[in-house]
Amino acid sequence: MNIADLRQEYMRAGLSEAQADADPIRQFERWFEDALRAKLPLPNAMTLATVTPAGAPSARIVLLKGVEQGAFLFYTNYLSRKGRELEQRAQACLLLLWSDLERQVRIDGVVQKVTSTESDAYYATRPLGARLSAWASAQSATVATRKILEDAMEQARRQHGDQPPRPANWGGYRVVPREIEFWQGRADRLHDRLRYRRKGDLWAIERLSP
């Protein structure tokens, strides 16, 4: 197979300034509802890009868990690689791809930890196994065998039972956007790209070349 021969023509829709909402959060919610209606798998999956202390890019997939008060929320282990990188430099880029809709959304912003109360509330909604694994896994640390993880999980189950408290090193982040770009695939690679940039309390909309 020649990977260079893999091509797709984009024909589904367009995105004009007249169509776009003046508020990028409302525009995001509109597109996210479209992704839900299309029954796309994991429509809240997104790339989270951070930077290492040496300045190298670092990325992984996480799940969007809320859009609240103009910010995008996700939860993780604060001592994981991403958590350590965010501690050093509290800025990140999020990227959501809905390929069936020929759409992408890129979000650049400052990252803040959510409150302990917010983290507790979300943690309590997680399945029991997920709550226990937050105790069992030292995320991003090397581990010699899977059995070590399984033993740690069993120990967490014995210690905490059905009501494990939230570990202090596990919680949420909010990404407060400075810029949000909406990308809509178009024919002949003349894609629509609208970028919102914060100007005080308002947002300026700019069209970018594809």
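Computed from a predicted structure; not experimentally measured.

About the thresholds
Residues numbered from 1 in each chain as written. Predicted model: local features only at pLDDT ≥ 70, side-chain atom pairs only at ≥ 80, totals over all residues. Heavy atoms only, no water. Helix = DSSP H or I, 4+ residues; strand = E, 2+ residues; numbered from the N terminus. Buried < 20%, exposed > 50% of the residue type's maximum accessible area, 1.4 Å probe, protein only. Patch = residues over 30% accessible without salt bridge, like charges linked within 9 Å, V, L, I, M, F, W, Y side chains within 5 Å. Areas by Shrake-Rupley, 256 points an atom, 1.4 Å probe, with all protein chains shown as cover. Salt bridge = Lys/Arg side-chain N within 4 Å of Asp/Glu carboxyl O. Pairing = 2+ DSSP bridges.

(A) Focus on unusual backbone geometry. A positive phi angle is found at Lys-39, which is not glycine, with a value near 55 degrees. Within the element layout of this structure, Lys-39 appears in the loop between helix H1 (24-37) and strand E1 (45-51). For Leu-42, which is not glycine, the phi torsion reads 45 degrees and is therefore positive. Its place among the elements puts Leu-42 in the loop between H1 and E1. In this structure Leu-42 comes out as exposed when scored by relative accessible area, which is 57%.

(B) Summary view of a nonpolar patch on the surface. On the surface, a nonpolar cluster with roughly 220 Å² of combined accessible area is contributed by Val-143, Ile-148 and Leu-149. Topologically, Leu-149 is positioned in helix H5 (residues 146-160). For Leu-149, a relative accessible area of 32% corresponds to the partly exposed category.

(C) Geometry of the pairing of strand E5 (residues 91-98). Bridge analysis of E1 against E5 gives 3 bridges, and the strand direction is antiparallel. Looking across to E5, one finds that Leu-48 is bridged to Leu-94. Pairing geometry for E5 and strand E6 (residues 103-113), over 8 bridges, is antiparallel. Note on E6: the bridge partner recorded for Leu-95 is Arg-106.

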